[in-house]
Amino acid sequence: MAARDPEATKARIFEAAVAEFARHGIAGARIDRIAAEAKANKQLIYAHFGNKAELFASVLEKKMVDLAEAVPVDPDDIEGWADRLMDYHAAHPELLRLLFWEGLEYGTTELPHEEERQEHYARKVAALQDGQDRGVVTDAIPAQDLLLLLTAVVNWAAVVPQMRRILVGDRETDRDRLRASVREAARRLVAR
């Protein structure tokens, strides 16, 4: 009989939940499918993560931390940061899907773990504020607004790939041109 590995089981549950929520959103996700994919029972999922909304919040929170660690905001190299962010989302498309589903589900109501989420974004805003204080980033736009604008410019094509394909095209040269345009737009947003 194989030994139980609670951490491996928890990791399988987490990965199955990422895929399920990215595919179906919060309302459409099914704990039964997550359990089947993770080869775990539903009671174990509830014991480790709580209800479905808490599981979604945990999944999204971990994915946001992964992004923050992999692609920290760099006010000294906004174009490079934009490139790294586009590459990250190309390699991890589930994160933007999760954020989009969260927006559809919660709208403007308070999120589970919202306080932790505000702390997460406060660190990114602080990095831009530091760039503003040092004079490498414009201070004509408040740092928090600037972060929202930059992430919108960089991420929107990945959030709505059908619009990118229709408007920009789907050839490699089209994608390269769009990437250059996004970098230029980001540079202009922060220009002094």
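Every value quoted in this text rests on a predicted model; they were computed, and no experiment measured them. (Residues numbered from 1 in each chain as written. Predicted model: local features only at pLDDT ≥ 70, side-chain atom pairs only at ≥ 80, totals over all residues. Heavy atoms only, no water.)

*Asks:* Residues and numbers for the overall build of the chain, please.
*Replies:* Scanning the chain from N- to C-terminus turns up 10 helices and zero strands. Counted from the first residue to the last, the chain has its helices and strands arranged as α-α-α-α-α-α-α-α-α-α. Each principal axis of the C-alpha distribution contributes one length, and for the chain these read about 65 × 40 × 35 Å. The burial tally for the chain puts 35% of its 192 residues in the buried class. Within the chain, residue pairs in contact and separated by at least 24 positions form 63% of the contacts whose partners lie at least 6 positions apart. Here the chain has roughly 11100 Å² of accessible surface; of this, 54% comes from carbon and sulfur atoms. Each charge class in the chain was averaged separately, 27 positive and 33 negative side chains, and the resulting centres sit 7 Å apart. (Helix = DSSP H or I, 4+ residues; strand = E, 2+ residues; numbered from the N terminus. Buried < 20%, exposed > 50% of the residue type's maximum accessible area, 1.4 Å probe, protein only. Contact = heavy atoms within 4.5 Å. Areas by Shrake-Rupley, 256 points an atom, 1.4 Å probe, with all protein chains shown as cover. Lys, Arg positive; Asp, Glu negative; His and termini not counted. Charge placed at Lys NZ, Arg CZ, Asp CG, Glu CD.)

*Asks:* Describe in detail the packing of helix α1 (residues 6-28) against helix α4 (residues 52-70), supporting the description with residues and values.
*Replies:* Across the interface, α1 lies against α4 with an axial gap of 10 Å and an inter-helix angle of 110 degrees. Between α1 and α4, the crossing angle belongs to the class labelled roughly perpendicular. Pair α1 / α4 crosses with left-handed handedness. Listed contacts from α4 to Phe 14, Ala 17, Val 18, Phe 21, Ile 26 and Ala 27 of α1 are Lys 52, Leu 55, Phe 56, Ser 58, Val 59, Lys 62 and Lys 63. A breakdown of the residues in the contact of α1 with α4 according to their chemical character gives nine nonpolar, one polar and three charged. (Axes fitted to C-alpha atoms, helices over the stretch in contact; angles between N-to-C directions. Parallel < 35°, antiparallel > 145°, perpendicular 65-115°, else oblique. Left-handed = near helix turned anticlockwise from the far one by under 90°. Nonpolar A, V, L, I, M, F, W, Y, C, P; charged D, E, K, R; others polar.)

*Asks:* Tell me about helix α6 (residues 94-106), residues and numbers included.
*Replies:* Residue pairs spaced three or four apart in an α-helix point in one direction, given the helix's 3.6 residues per turn. Its 13 residues place the ends of α6 18 Å apart at the C-alpha level, agreeing with the 18 Å of an ideal helix rising 1.5 Å per residue. Buried residues of α6: Glu 94, Leu 95, Leu 96, Leu 98, Glu 102 and Tyr 106, and no others. In the core, the buried residues of α6 are packed alongside α1, α4, α5 (78-91), α7 (114-133) and α8 (143-159). Trailing α6 by a residue or two, Gly 107 shows a phi angle of about 55 degrees, which is positive. (Expected span 1.5 Å × (residues − 1).)

*Asks:* Give a description of the nonpolar core that names residues and reports values.
*Replies:* With 45 residues, the main nonpolar core has Phe 21, Ile 34, Leu 55, Val 59, Trp 81, Leu 128 and Leu 150 as its most contacted residues. Take this core: its biggest share by element is eight residues, from α1. (Core = buried A, V, L, I, M, F, W, Y, C linked by side-chain atoms within 4.5 Å.)

*Asks:* Pulling in residues and values, what's your account of the packing of aromatic side chains?
*Replies:* Per the counting criterion, the structure on display carries one aromatic pair. On the numbers, 5.1 Å between centres and 85 degrees between planes, the contact of Phe 21 with Phe 56 is edge-to-face. Separated by 35 residues along the polypeptide, Phe 21 in helix α1 and Phe 56 in helix α4 bring together distant segments of the chain. Here the two residues Phe 21 and Phe 56 agree in accessibility, since each one is buried. (Phe/Tyr/Trp six-rings, centres within 6.5 Å; stacked < 30°, edge-to-face > 60°.)

*Asks:* Hey, could you go over α5 for me, with residue numbers and the actual values?
*Replies:* Taking 1.5 Å per residue as the helical rise, α5 with its 14 residues ought to reach 20 Å, and the 20 Å between its terminal C-alpha atoms agrees with that figure. Within α5, burial applies to Ile 78, Gly 80, Trp 81, Ala 82, Asp 83, Leu 85, Met 86, Tyr 88 and His 89. Packing partners of the buried residues in α5 comprise α4, α6, α7, α8 and α10 (172-190).

*Asks:* Please give an account of the side chain of Gln 132 that cites residues and values.
*Replies:* Mapped onto the elements, Gln 132 comes out in helix α7. Within the local environment of Gln 132, its side chain forms a polar contact with the backbone oxygen of Ile 141, the two atoms lying 2.8 Å apart. Sequence-distant contacts of Gln 132, that is, excluding residues within four places in its chain, are made with Val 137, Thr 138, Asp 139, Ile 141, Pro 142, Ala 143 and Leu 146. (Polar contact = N/O pair within 3.5 Å; in protein donor to acceptor, adjacent residues only side chain to side chain.)

*Asks:* If you had to explain the environment of Asp 130 to someone new, which residues and values would you point to?
*Replies:* Mapping Asp 130 onto the fold places it in helix α7. Judged by relative accessible area, Asp 130 falls into the partly exposed class, the value being 36%. Residues Asp 130 and Ala 143, spaced 13 residues apart in sequence, show a C-alpha to C-alpha distance of 9.1 Å.

These results come straight from atomic positions and should not be treated as a statement about function.
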